[in-house]
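One letter stands for each residue in the lines below.
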Amino acid sequence: MNREKTTATEEANDIMLVRSPHRGRATVTHAVVVIFLEFFAWGLLTTPMLTVLHETFPQHTFLMNGLVHGVKGFLSFLSAPLIGALSDIWGRKSFLLMTVFFTCAPIPFMRISPWWYFALISVSGIFAVTFSVIFAYVADITEEHERSTAYGLVSATFAASLVTSPAIGAYLSAQYGDSLVVLVATVIAVADIAFVFFVVPESLPDKMRTSWGFPISWEQADPFSSLRRVGKDTTVLLICVTVFLSYLPEAGQYSSFFLYLKQVIEFSPAAIAAFIAMVGILSIIAQVLKQAVSCFLFNAVLNQNQPNTHSSVSERNAGSDEIMQLDFSWSLKGQ
């Protein structure tokens, strides 16, 4: 009995060490900085990438743009469950480092070789699942009643990174050329990798990890297993279908809309940057309002249906957390 109490106490201490900000341990701020730097670097390349894409594939610009993003997204879909299962064994930091590295690896190749650049973007989808690892990282260091707010903060940070970076990239491109933009983006990507390696702490204590000798089942690595489980619950299935149909056209729009603005409507780089900034600001406002409204409505409905149940805040928000994760994961598929 005493041994069990000792074990439980040690596990609790491990969790507190991870979650305590006073000991320099993992915080949501670490996740936010990683996401901001990664997508700020890519945001700088908005204007140069549209130019390189058109110059490399002048006759099939839209087709190749769709193929590049489609292959990357499909590979990410296949690899995300396996990377998540492996991070349960080896910890989040090592896989966060790997995903950030492979996501940013194509950046310098934009000036070295455009063909290699687009090929690496496609292949990088195998490991470019930073958001999957980030959400697991956030889940490790937050309580259930804090989790949906933390997810909203991470998602809003992604939008915030796109408010200024395209405009900065367009300005640098017009004044100094695309080579400087690629150089700056590369430096920021390297800084992001260094930040993960030197500053970001591990979020998953050793005693909460899956045993090294424990084999990973095919169900854990199978990306289609979650889809099969979804079909067993009618309510969850309806929610998933709604989210899928909602974000499917949006993902396609995201991958080609800026190219359409430049090549068809003939927007200037400054106009495209201003458009992205406006969308980013509106996205931040929408995330904040959606988070507040969804939590309020979810708790109101739950309290109305269960007036005599005095559940804790974490219990009331558990279901909404799952929906928020699903919402964010689909909304970020177009990246």
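Residues numbered from 1 in each chain as written. Predicted model: local features only at pLDDT ≥ 70, side-chain atom pairs only at ≥ 80, totals over all residues. Heavy atoms only, no water.

A count of helices and strands for the protein chain gives 15 helices and zero strands. Counted over contacts in the protein chain with a minimum sequence separation of 6, partners at least 24 positions apart contribute 83%. Carbon and sulfur atoms make up 67% of the accessible area of the protein chain, which amounts to about 17700 Å² in all. (Helix = DSSP H or I, 4+ residues; strand = E, 2+ residues; numbered from the N terminus. Contact = heavy atoms within 4.5 Å. Areas by Shrake-Rupley, 256 points an atom, 1.4 Å probe, with all protein chains shown as cover.)

Here we come to the pattern of salt bridges. In total, this model carries two salt bridges according to the counting rule given. In this structure, D88 and R92 form a salt bridge, with 2.8 Å as the shortest nitrogen-oxygen distance. Here D88 falls in the partly exposed class, since its relative accessible area comes to 25%. A relative accessible area of 7% means that R92 is categorised as buried. When salt bridges that share partners are traced, they join D88, R92 and D140 into one network. (Salt bridge = Lys/Arg side-chain N within 4 Å of Asp/Glu carboxyl O. Buried < 20%, exposed > 50% of the residue type's maximum accessible area, 1.4 Å probe, protein only.)

Right, let's talk about the packing of aromatic side chains for a bit. Across all of its chains, the model carries 14 aromatic pairs by this definition. A ring pair is formed by F39 and F131, whose centres lie 5.5 Å apart and whose planes are at 45°; its orientation type is tilted. Here the residue F39 occupies a position in helix α2 (residues 28-44), and F131 occupies one in helix α8 (residues 130-141), the gap between them amounting to 92 residues. In this pair, the class of F39 matches that of F131, namely buried. On the numbers, 4.9 Å between centres and 85° between planes, the contact of F39 with F158 is edge-to-face. Here F158 lies in helix α9 (residues 144-176) and F39 lies in helix α2, a separation of 119 residues in the sequence. In this pair, the class of F39 matches that of F158, namely buried. Among the aromatic residues, those joined into a cluster by ring pairs are F39, F131, F135, Y151 and F158. (Phe/Tyr/Trp six-rings, centres within 6.5 Å; stacked < 30°, edge-to-face > 60°.)

All right, on to a nonpolar patch on the surface then. The grouping of M278, V279, I281, L282, I285 and L289 at the surface amounts to a nonpolar patch, some 540 Å² of accessible area in total. Judged by relative accessible area, V279 falls into the partly exposed class, the value being 35%. (Patch = residues over 30% accessible without salt bridge, like charges linked within 9 Å, V, L, I, M, F, W, Y side chains within 5 Å.)

This part is about the packing of α8 against α9. Close contact between α8 and α9 brings their axes to 10 Å; oriented N to C, the two are set at 145°. Of the two elements, α8 crosses α9, and the hand of that crossing is right-handed. Across the interface between the two elements, F131, I134, F135, V138 and A139 from α8 touch R147, A150, Y151, V154 and F158 from α9. A per-class count over the contact of α8 with α9 returns nine nonpolar, no polar and one charged. (Axes fitted to C-alpha atoms, helices over the stretch in contact; angles between N-to-C directions. Left-handed = near helix turned anticlockwise from the far one by under 90°. Nonpolar A, V, L, I, M, F, W, Y, C, P; charged D, E, K, R; others polar.)

What follows covers the nonpolar core. Within the largest apolar cluster, 56 residues are counted, with the highest numbers of intra-cluster contacts made by V34, L45, L96, I107, F118 and I134. Counting residues per element, this core draws most heavily on α2, which supplies ten residues. Apart from the residues lying within four places of it in its own chain, the contact partners of L45 are I107, M110, V181, V182 and A185. (Core = buried A, V, L, I, M, F, W, Y, C linked by side-chain atoms within 4.5 Å.)

Turning our eyes to something else, we now look at the packing of α2 against helix α5 (residues 92-104). Where α2 meets α5, the closest approach of the two axes is 11 Å, and the angle between their N-to-C directions is 10°. Between α2 and α5, the crossing angle belongs to the class labelled roughly parallel. In contact with V34, E38 and W42 of α2, α5 contributes L96, V100, T103 and C104. Split by residue class, the contact of α2 with α5 holds five nonpolar, one polar and one charged. (Parallel < 35°, antiparallel > 145°, perpendicular 65-115°, else oblique.)

Once that is clear, we can look at α8. If you check α8, its first and last C-alpha atoms are 17 Å apart, about what twelve residues at 1.5 Å a residue would give, namely 16 Å. With respect to burial, α8 is a largely interior element, ten of its twelve residues being buried. Among all positions in α8, only T130, F131, V133, I134, F135, A136, Y137, V138, D140 and I141 are buried. (Expected span 1.5 Å × (residues − 1).)

Turning next to the confidence of the model for the protein chain. Confidence in the prediction for the protein chain averages 76 pLDDT; 76% of positions are at 70 or higher. Mean pLDDT across the elements of the protein chain bottoms out in helix α15 (residues 313-331) (42) and peaks in helix α10 (residues 178-198) (95). Under a pLDDT of 50 for its full length, residues 1-23 has, in the predicted model, 21 contacts with residues more than four places off or in other chains. (pLDDT = per-residue confidence, 0-100.)

Checked against the element boundaries, S173 lands in helix α9. Accessibility expressed as a relative area gives 16% for S173, which makes it buried. Along the chain, S173 and P269 lie 96 residues apart, while their C-alpha atoms are 9.1 Å from each other. Residues contacting S173, with those up to four places away along its chain left out, are D178 and V181. At 2.4 Å, the side chain of S173 forms a polar contact with the side chain of D178. (Polar contact = N/O pair within 3.5 Å; in protein donor to acceptor, adjacent residues only side chain to side chain.)

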